[in-house]
Each structure stands twice: as C-alpha cells, then as structure tokens.
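# Understanding the architecture of this molecule
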Amino acid sequence: MIELWAHQQAAVDQLAPLGRGGLWFEMGAGKTRAALALAADHWDCRRVLVICPKAVIRVWPKEIAACGLGDWQVYPLDIGSGAKRAAQVDMAGIAADVYCEHVAVILNYEATIREPLTSVLTGHDWDLVVLDEAHRIKAPEGAALLVAARICSRAKHVLCLTGTPMPHGLLDVWAQFRAMAPE
C-alpha cells in the first residue's frame, strides 16, 4: 500500500468506487502519488497511459519508483520519431498482455495528436489514462482534447490531475469532464 496524507486518502476513498474523476490539488499536494495509489492499490491497473507536458515525462518514473512500484515497466517516451514511439507503445501492450506486467507509458500531449501515435493510442484499451496538467486540454474543439477523449473512451479508469482546473473560466473544466466522460 502506498502511504498517503489525509487529504490524498480522502480523495482516493471518494474516487476509487467511481473509476473516473479529477484530482485538483495545489502544486506539491500529491496528485501523482494519489493517482498511483488508485492505480496500484484500488484498481489493479496493468496498462497505464500518462499524458502530460513534455517537461514532466521524466518526473513520472521517479514518482513510480518512490511509491514502491519498481516492478512496473515504465516507458517514458519523450524522444524518438512518432513511429518509434508507436512501436514502444505496442511493446508495452505486449508486456502487459503476454507477460502480465504492469506498464506505464508516458507521453506528452503534442505527441498524442500526431500519427502514427494517435492511431496506436486510440487502438489500445487502457486500464487507466492519467491526464496530468489536464488544464492543457481546455480548448473545447482542440486536437489535444479530441484525441484525449477518444483515448479515454476506451479506458476503464480516467483521472485528470491539475492544480489549475479553470485558468480562464468554466469552459476550461468542461473540456476536462469531456475527456473523463466523452459520452
């Protein structure tokens, strides 16, 4: 079990039975740790996709290790061509399906909207999709939101993480809800 602070545990307790939701804590309040607790301790996720800003891709493997999930296969895909990254996503899927490993694929928002990654990501069934810094998908008809909604529509669980859910108004949070529940 991942140790949590009281506010993280309260959020995890509320989100665990729902399967989808937002962790809108301030910076440094432990959104990533709470998300990993949901993935590992409550939902037993084997296929995790994290979409985040490029600068955050290398933070996630450290957080995964710090939470005691060192047996997870982590794919921080911040370099390489779209085709190479798409192949790595497929390899992660094989590791999860054939070898029953827990895998975490970590990509930036901009990469997800480019082929062949879009097709590969939307072609997989994810146990959990984490939209880190989810306010990045605030444009109601933006490519990042539309692709995220397609990916999330096939996911068992979805989490939006951000410390600023509404940087410009209510429409910003609407986009996050659309990604969490595309229907």
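For the structure itself, consult the block above.
Now for a look at the structure at hand. (Residues numbered from 1 in each chain as written. Predicted model: local features only at pLDDT ≥ 70, side-chain atom pairs only at ≥ 80, totals over all residues. Heavy atoms only, no water.)

Under the defined criterion, the tally for this structure stands at 5 salt bridges. Here Asp78 and Arg58 are joined by a salt bridge, their closest N and O atoms 2.8 Å apart. In this pair, Asp78 is assigned in the loop between strand 3 (73-76) and helix 4 (82-97) and Arg58 in the loop between strand 2 (47-52) and helix 3 (59-66), connecting sequence segments 20 residues apart. Linking Asp125 and Arg154 is a salt bridge whose minimum nitrogen-to-oxygen distance equals 2.8 Å. (Salt bridge = Lys/Arg side-chain N within 4 Å of Asp/Glu carboxyl O. Helix = DSSP H or I, 4+ residues; strand = E, 2+ residues; numbered from the N terminus.)

Now for the sheet that holds strand 6 (residues 157-161). The 6 strands lie next to each other as 1-6-5-2-4-3, forming an open sheet whose pairing is parallel. Edge positions in the sheet fall to strand 1 (20-23) and strand 3, since each has one partner strand and no second. The average angle at which neighbouring strand axes cross in this sheet is 15°, direction not considered. Pairing geometry for strand 2 and strand 5 (residues 128-132), over 4 bridges, is parallel. Considered in strand 5, the bridge of Ile51 is made with Leu131. Running over the sheet, helix 1 (residues 6-15) touches strand 1 and strand 6 and is turned about 160° from strand 1. Packing against the sheet, helix 7 (residues 143-153) makes contact with strand 1, strand 2, strand 5 and strand 6, and its axis sits at approximately 155° to strand 5. (Pairing = 2+ DSSP bridges. Axes fitted to C-alpha atoms, helices over the stretch in contact; angles between N-to-C directions. Contact = heavy atoms within 4.5 Å.)

Moving on to a nonpolar patch on the surface. On the surface, Ile94, Val98 and Tyr99 cluster together to form a nonpolar patch covering roughly 340 Å² of accessible area. Note that Ile94 resides in helix 4. On the accessibility criterion, Ile94 (45% relative accessible area) is partly exposed. (Patch = residues over 30% accessible without salt bridge, like charges linked within 9 Å, V, L, I, M, F, W, Y side chains within 5 Å. Areas by Shrake-Rupley, 256 points an atom, 1.4 Å probe, with all protein chains shown as cover. Buried < 20%, exposed > 50% of the residue type's maximum accessible area, 1.4 Å probe, protein only.)

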